[in-house]
Amino acid sequence: MSGKYDQYIHNPPHLRLTLKSDNSVVFDGLMIGYQQLGYDFQIGHQFVRKPFKGDNPCHTHNFHEFLAWYGGNPDDPEDFGAEVVFYMGKEMEKYVFTRPTIVHLPPGLPHCPLEITRVDRPIIQIEIMLAGKDGTREPYFEKDKGFNPRNVMNFEIISPGK
């Protein structure tokens with residue numbers, strides 16, 4: 001492109017995250033962040049085709065985060081076909097979602113782990129973070145202090161066309 005407004009148009013890279021322990025996929029979609037955009041915003045999008053359990057302990061952020069799960073049926077937006085298990089708060093209150101859901105996580109709210117326990121047909125998962133270079137992610141419980149996602153996950157950028 002070579003238009004006047006090119007700086008406002010982005011093609012997010014394809015990112016795949018797999019657990020080092022068993023190579024299971026926990027994210028395989030498009031994600032773009034403040035590094036490419038130039039402002040405090042990150043968004044990730046993926047189709048979830050099979051159950052997975054993230055290796056992400058309970059943690060907090062210093063920014064707002066939004067997680068959303070939608071059905072993949074364009075003819076029926078309420079057709080979900082999956083089950084998402086998510087924990088929030090210092091007491092690790094368990095939530096089970098079996099219909100399209102958006103979760104707002106304000107700064108400081110402990111959350112995770114996340115597990116998608118059932119997928120009858122593909123669903124869409126979206127993660128939005130109002131974070132930039134000063135965004136933090138801190139394990140909430142003492143036993144998880146020092147946790148670094150890069151120690152347990154492989155981060156792979158997939159070249160276009162592959």
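Everything below is about the structure printed above this text.
As a starting point, this report considers the structure included with it.

Basis of the calculations
- Residues numbered from 1 in each chain as written.
- Predicted model: local features only at pLDDT ≥ 70, side-chain atom pairs only at ≥ 80, totals over all residues.
- Heavy atoms only, no water.
- Helix = DSSP H or I, 4+ residues; strand = E, 2+ residues; numbered from the N terminus.
- Buried < 20%, exposed > 50% of the residue type's maximum accessible area, 1.4 Å probe, protein only.
- Contact = heavy atoms within 4.5 Å.
- Polar contact = N/O pair within 3.5 Å; in protein donor to acceptor, adjacent residues only side chain to side chain.
- Patch = residues over 30% accessible without salt bridge, like charges linked within 9 Å, V, L, I, M, F, W, Y side chains within 5 Å.
- Areas by Shrake-Rupley, 256 points an atom, 1.4 Å probe, with all protein chains shown as cover.
- Salt bridge = Lys/Arg side-chain N within 4 Å of Asp/Glu carboxyl O.
- Pairing = 2+ DSSP bridges.
- Axes fitted to C-alpha atoms, helices over the stretch in contact; angles between N-to-C directions.

**Focus on the environment of arginine 118**
Reasoning step 1: Considering the arrangement of structural elements, one finds arginine 118 in strand E10 (residues 111-119).
Reasoning step 2: Look at arginine 118 and you get partly exposed, because its relative accessible area is 32%.
Reasoning step 3: In sequence terms arginine 118 and arginine 49 are 69 residues apart; their C-alpha atoms lie 9.5 Å from each other.
Reasoning step 4: Other than its neighbours up to four places away in sequence, arginine 118 contacts Pro51, Gly81, Ala82, Glu83 and Thr98.
Reasoning step 5: Within polar-contact distance, the side chain of arginine 118 engages the backbone oxygen of alanine 82 at 3.4 Å.
Reasoning step 6: At a separation of 2.4 Å, a polar atom in the side chain of arginine 118 contacts the side chain of aspartate 120.

**Notes on a nonpolar patch on the surface**
Reasoning step 1: On the surface, Tyr5, Tyr8 and Ile9 cluster together into a nonpolar patch covering about 370 Å² of accessible area.
Reasoning step 2: Within the fold, tyrosine 8 resides in the segment before strand E1 (14-19).
Reasoning step 3: A residue is classified by how much of its surface remains accessible, and tyrosine 8, at 59% relative accessible area, is exposed.

**Some thoughts on the side chain of threonine 60**
Reasoning step 1: With respect to the helices and strands, threonine 60 occurs in strand E5 (residues 59-61).
Reasoning step 2: Take threonine 60: its relative accessible area is 15%, and that puts it in the buried class.
Reasoning step 3: Among residues more than four places away in sequence, those in contact with threonine 60 are Gly108, Leu109, Pro110, His111, Thr136, Arg137, Glu138 and Tyr140.

**A closer look at the sheet that holds strand E6 (residues 65-71)**
Reasoning step 1: Taken in spatial order, the seven strands line up as E9-E6-E11-E3-E2-E1-E13 in an open sheet, and their pairing is antiparallel. The sheet is open, and its two edges are formed by strand E9 (101-105) and strand E13 (153-158), each paired on a single side. Here the strands of the sheet are splayed against their neighbours by 20 degrees on average, with no regard to which way each runs.
Reasoning step 2: Looking at chain direction, E1 and E13 are connected through six bridges and run antiparallel. Residue pairing across strands places leucine 17 opposite phenylalanine 155, the latter belonging to E13.

Take it as geometry only, folks, not as evidence of what the structure does.
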